[in-house]
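Given next are the chains, with one letter for each unit.
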Amino acid sequence: MSGGGTSGNIRRVLVFTLARLAALFVTVVIGVYLTIVIAHGGGELDDLRKAQIRSEISEAFAMDDEFRDLTPEERNKLIQTEIEREETRLRLDEPFIYRSADYLWQAINLNLGHSEQMHSDGGSRRVYHIIGERLPATLLLFGTANLLVFFSSIFFALFLSRRYGSRLDRSVVALAPTSAAPGWFYGIFLILVFAFLIPVLPSGGMVAAPPPVTTAAYALSVLKHMLLPVAAMFISSIFISIYSWRTFFLIYSSEDYVEMARAKGLPPRMIERRYILRPTLPPILTSFALMLIGLWGGAIILEQVFNWPGLGTLMFEAIGHRDTPVIIGAVVIFAYLLAITVFLLDIMYAILDPRVRLEGGKHS
Amino acid sequence: MPETLTDTLLRVEGLKLHYRTRNGVVRAVDDVSFDIRRNEAVVVLGESGCGKSSLAKALLRIPPRNTQECSGKVWLNGTDIMGMNEEKFRKEVRWSEISMVMQAAMNALNPVVRVGEQVAEPLCLHRGWSSERALKHAAGIFSLVGIPNDFMRRYPFELSGGMRQRAVLAMALVTEPSLVILDEPTSALDVLTQANIMNVLKRIKREMGTSFILITHDVSTSSEIADRVALMYAGQLVEFSNADDFFRNPAHPYSRLLMASVPRLRQVIRPEHIPGQPPSMLSVPEGCRFADRCPSRFERCVKNPDLLKINGDREVRCWLYEKGLKS
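Treat the numbers as computed from the prediction; the structure is a model and nothing was measured.

Caption draft 1: Examining the overall build of chain A more closely. Along its length, chain A carries 13 helices and zero strands. The linear arrangement of helices and strands in chain A, starting from the amino end, is α-α-α-α-α-α-α-α-α-α-α-α-α. Scaling as 2.2 N^0.38, a compact globule of 364 residues should have a C-alpha radius of gyration of about 21 Å, whereas chain A reaches 27 Å, well beyond that. Sequence separation of 24 or more characterises 71% of the internal contacts of chain A that already satisfy a separation of 6 or more.

Caption draft 2: Broad picture of the overall build of chain B. Each helix and strand counted, chain B has nine helices and twelve strands in total. At 20 Å, chain B has a C-alpha radius of gyration in line with the 20 Å of a compact globule built from 327 residues. The principal-axis extent of the C-alpha atoms belonging to chain B is close to 65 × 50 × 45 Å. The buried share of chain B, taken over its 327 residues, is 45%. Contacts spanning at least 24 positions in sequence make up 63% of the contacts within chain B whose residues lie at least 6 apart.

Caption draft 3: How the structure looks around helix H9 (residues 253–260) of chain B. Buried residues of H9(B): B:Pro253, B:Tyr254, B:Ser255 and B:Leu258, and no others. Buried-residue contacts for H9(B) involve helix H7 (219–223), strand S9 (228–233), strand S10 (236–242) and helix H8 (243–248) of chain B.

Caption draft 4: Representation of the nonpolar core. By size, the foremost hydrophobic cluster in this structure holds 131 residues, and its most contacted members are B:Val44, B:Ala170 and B:Ile213. Of all the elements, helix H8 (residues 215–252) of chain A adds the most residues to this core, at eleven residues. In contact with B:Val44, other than residues within four places in its own chain, are B:Lys52, B:Leu55, B:Ile213, B:Leu214, B:Ile215, B:Ala230 and B:Met232. If you look at the next biggest cluster of nonpolar residues, it comprises 21 residues, including A:Val127, A:Leu311, A:Val326 and A:Val332.

Caption draft 5: Up close: the interface of chain A and chain B. Of the residues lining the interface, 20 residues belong to chain A; the matching set on chain B comes to 24 residues. For the side of chain A that touches chain B, the secondary-structure elements that each account for two or more residues are helix H9 (256–263) and helix H10 (268–294) of chain A. It is H9(A) that provides the largest number of residues to the side of chain A that touches chain B, a total of six residues. Partitioned by chemical class, the residues of the side of chain A that touches chain B number eight nonpolar, four polar and eight charged.

Caption draft 6: Quick look at the pairing of strand S2 (residues 24–37) of chain B. Residues and elements named next belong to chain B. As paired elements, strand S1 (residues 8–21) and S2 share eleven bridges and run antiparallel to each other. Across the sheet, Lys-16 pairs through a bridge with Asp-30, a residue of S2. Counting the residues in the hairpin turn of S1 and S2 gives two residues.

Caption draft 7: Up close: unusual backbone geometry. A cis amide bond, omega -5 degrees, links A:Ala209 with the succeeding residue A:Pro210. By the secondary structure assignment, A:Pro210 is in the loop between helix H7 (183–197) and H8. Not every positive phi belongs to a glycine, and B:Asn77 is a case in point at roughly 50 degrees. Along the chain, the position of B:Asn77 falls in the loop between strand S4 (67–76) and strand S5 (79–80).

Caption draft 8: Geometry of the domain arrangement of chain A. Residue and element names in this part refer to chain A. Per the domain assignment, the segments making up chain A are domain 1 (6–108) and domain 2 (134–352). Each of domain 1 and domain 2 has a C-alpha centre, and these two points are 36 Å apart. Each partner contributes to the interface: domain 1 provides 13 residues, whereas domain 2 provides twelve residues. The element that contributes the greatest number of residues to the side of domain 1 that touches domain 2 is helix H1 (residues 6–39), accounting for ten residues. Residues that form the side of domain 1 that touches domain 2 fall into these classes: eight nonpolar, four polar and one charged.

Caption draft 9: The arrangement of the domain arrangement of chain B in detail. All names here are of chain B. Partitioning chain B into structural domains gives domain 1 (1–97 + 178–263 + 271–279) and domain 2 (107–176). For domain 1 and domain 2, the distance between their C-alpha centres works out to 25 Å. Taken residue by residue, the interface counts twelve residues in domain 1 and 14 residues in domain 2. Ranked by residue count, the leading element in the side of domain 1 that touches domain 2 is helix H6 (residues 191–208), at six residues.

Caption draft 10: The arrangement of the sheet that holds S1(B) in detail. Residues and elements named next belong to chain B. Judged by pairing direction, the sheet is antiparallel, and its four strands sit side by side in the order S2-S1-S4-S5 without closing on themselves. Whereas interior strands pair on both sides, the edge strands pair on one side only; in this sheet they are S2 and S5. Of the pairings in the sheet, the one linking S1 to S4 comprises eight bridges and is antiparallel in character. The partner of His-18 across the bridge, within S4, is Glu-69.

Caption draft 11: Looking closely at the packing of helix H5 (residues 161–173) of chain B against H6(B). Residues and elements named next belong to chain B. Here H5 crosses H6 at 15 degrees, and the two axes come no closer than 11 Å. In terms of orientation, H5 and H6 fall into the roughly parallel class. H6 is crossed by H5, and the crossing has right-handed handedness. On H6, the residues that touch Gly-162, Gln-165, Arg-166, Leu-169 and Leu-173 of H5 are Thr-193, Ile-197 and Ile-204. For the contact of H5 with H6, the per-class residue count stands at four nonpolar, three polar and one charged.

Caption draft 12: Spatial organisation of the confidence of the model for chain B. Residue and element names in this part refer to chain B. Summary statistics for chain B give a mean pLDDT of 88 and a share of 97% for residues scoring 70 or more. The low-confidence segment residues 1–5 (pLDDT under 50) makes four contacts with residues lying over four places distant or belonging to another chain. Taken together, the chains of this predicted complex give a pTM of 0.78 and an interface ipTM of 0.85.

Caption draft 13: Spatial organisation of the sheet that holds strand S6 (residues 98–101) of chain B. Residue and element names in this part refer to chain B. If you trace the eight strands from one edge of the open sheet to the other, you get S6-S7-S8-S3-S9-S10-S12-S11, paired in mixed fashion. Sheet topology places S6 and strand S11 (308–310) at the edges, where each strand pairs with a single neighbour. Neighbouring strand axes in the sheet, compared pairwise and without regard to direction, differ in orientation by 20 degrees on average. Bridge count between strand S3 (residues 41–45) and strand S8 (residues 211–216): five bridges; the pairing is parallel. Opposite Val-44, over in S8, you have Ile-215 as the bridge partner. Relative to the sheet, helix H1 (residues 52–59) contacts S3, S6, strand S7 (179–183), S8 and S9, its axis offset from that of S7 by approximately 150 degrees.

Caption draft 14: Here's a closer look at the confidence of the model for chain A. Confidence along chain A averages 86 in pLDDT terms, with 96% of residues attaining 70 or more. Long-range and interchain partners of residues 359–364 of chain A, a stretch whose pLDDT sits below 50, account for six contacts in this model, where long-range means more than four residues apart.

Caption draft 15: A look at the packing of helix H5 (residues 127–162) of chain A against helix H13 (residues 324–352) of chain A. Residues and elements named next belong to chain A. For the pair H5 and H13, interaxial distance at closest approach is 10 Å and the crossing angle is 65 degrees. Crossing geometry of H5 relative to H13 is assigned as right-handed. Only Pro-325, Val-326, Gly-329, Ala-330 and Ile-333 of H13 make contact with H5, whose side of the interface consists of Val-127, Ile-130 and Ile-131. Classifying every residue of the contact of H5 with H13 by side-chain character gives seven nonpolar, one polar and no charged.

Criteria and cut-off values
- Residues numbered from 1 in each chain as written.
- Chains lettered and ligands numbered in written order.
- Predicted model: local features only at pLDDT ≥ 70, side-chain atom pairs only at ≥ 80, totals over all residues.
- Helix = DSSP H or I, 4+ residues; strand = E, 2+ residues; numbered from the N terminus.
- Rg over C-alpha atoms; globule rule 2.2 N^0.38 Å.
- Contact = placed C-beta atoms within 7 Å.
- Buried ≥ 20, exposed ≤ 12 C-beta atoms within 10 Å, placed from the backbone.
- Core = buried A, V, L, I, M, F, W, Y, C linked by C-beta atoms within 7 Å.
- Nonpolar A, V, L, I, M, F, W, Y, C, P; charged D, E, K, R; others polar.
- Pairing = 2+ DSSP bridges.
- Domains from an automatic or database assignment.
- Axes fitted to C-alpha atoms, helices over the stretch in contact; angles between N-to-C directions.
- Parallel < 35°, antiparallel > 145°, perpendicular 65-115°, else oblique.
- Left-handed = near helix turned anticlockwise from the far one by under 90°.
- pLDDT = per-residue confidence, 0-100.

Set out below in structure tokens:
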């Protein structure tokens, strides 16, 4: 029953919301902790790091003329103190399991700390700055491409579902396997054609060097640089996306209530809006939200091919440098974004679909 | 050409609906002709798969996607509605003149729109009413079909099967169309609800002067409301008679066997079954389509007979009634 007291309803909604939040939080904590353990190699990485510190400090002493005159014993003693100091600074003298709890606490509090080796272009070693510097580039490129693909494929899929079996429909189905190749694959060809054979567009980067001074010229330059990577991503995913949405709409447009709407004499536009799109809004929304958070992280190879200064490249470098704070920082932010998205989706579902009840089936 | 008889509401001539399938063409409705008078209930009987539901879809011009051919002539009040363009047909015929209760009525309601809005929707659409006015009018129809008015604010999943069936019926009646096609409106319901809905239909027929095409395989329930009976077999009409004649004295051999198969309450007569199966709709025989199962089969049956008029207004597709053979 949809009835019940208003105050009771509010309490139910509140309890549901809190329970949901708690569950999501636990998920985030588990995910982040696993990342911390994995990024540290379950503590195995400590030995590696200790050896690294030892060799770096010994080398530094060997190179330094100031210590030339010391006896080997004295020098070794100095080196040992220096190593111990560095190990204490990085807290390598404590067992990993204790440190991991601390790391978890800091990560959950979004206290992402400092990187070990990497730094931002501005020279900062704060993980926030390092990630924050790359984020806009990734969001711009992947946001543009994915939004384009998403909306054009839904629009086109609806159009095709009305023309099931037509020549256009069949050719889209036939073109779907083009998506087997990733975006960077098409990127290489696009660069070859449009940057070298017919040199009209830049082959890589995000903005011309030196960067244009006026905002308009800067924007235009970024736009020109974006064209090829966006096109590469668009080509690689548009057909499979249209194909799957078209099949999705075909399934839902053979529902009995759609046929009924047709018999009722509703105009095709209205049938599409009220009887096909409206009931299927929850899954469409889910796919949209997951697409949005999928932007986070970018794509490593595509960014490499187009020399795009995004998060994909950053993660690649961070893994190469074993810069755990950067890796963990990125994962923590992603985990939070994912949790918030799922939470918002839960609420949206309840608003959009009357069948989704709070207790899951506790209706008449 | 159709003679515009004042009491003829719908006249169908040579209606065809053929489907394309992997195995060939299925002739679900194959050259069906009949007429329906004002304020008349015609029951279309037949086994599953004989083309009853396809007939309904062809009349409302909502053929499924795999349709190969949907043709024929249909006149409504003397107007050719098959020749109309789609837009004109949608605006002037669908729901304003002919409405329909679909076979899968349980699933015929949009799950995310309140029942009242769905029932009132055709009024806003076809009469341009405001939604308040439409809802107010719909409330009257809800009472007529026996749904409490506060159910209008509910969603379909909050209604029982019987209530949903009534809601779909209310939707079909809300624009007061001259013809309502009911495709198995009660087959998924328990007997009490069935009886209830049949009573509602009878009342509406009496009070609103509506004509009905009731498609069913349930002989007993249909006898409640039928004025005339059309019996279909393998995509064609095999008998079209007054209900009294049909139920008391079925003419076609298939009709006779069908009536003998209906169980009666507390009688010692055992219901008979008809041996054999209807022909595959993919390859219908050249001759009479019932010949294989017919006990009265004779040499004439290698050709398919036309509908023959007997006793004035009965029509039978059987060589037994050819002039001179049987009086």
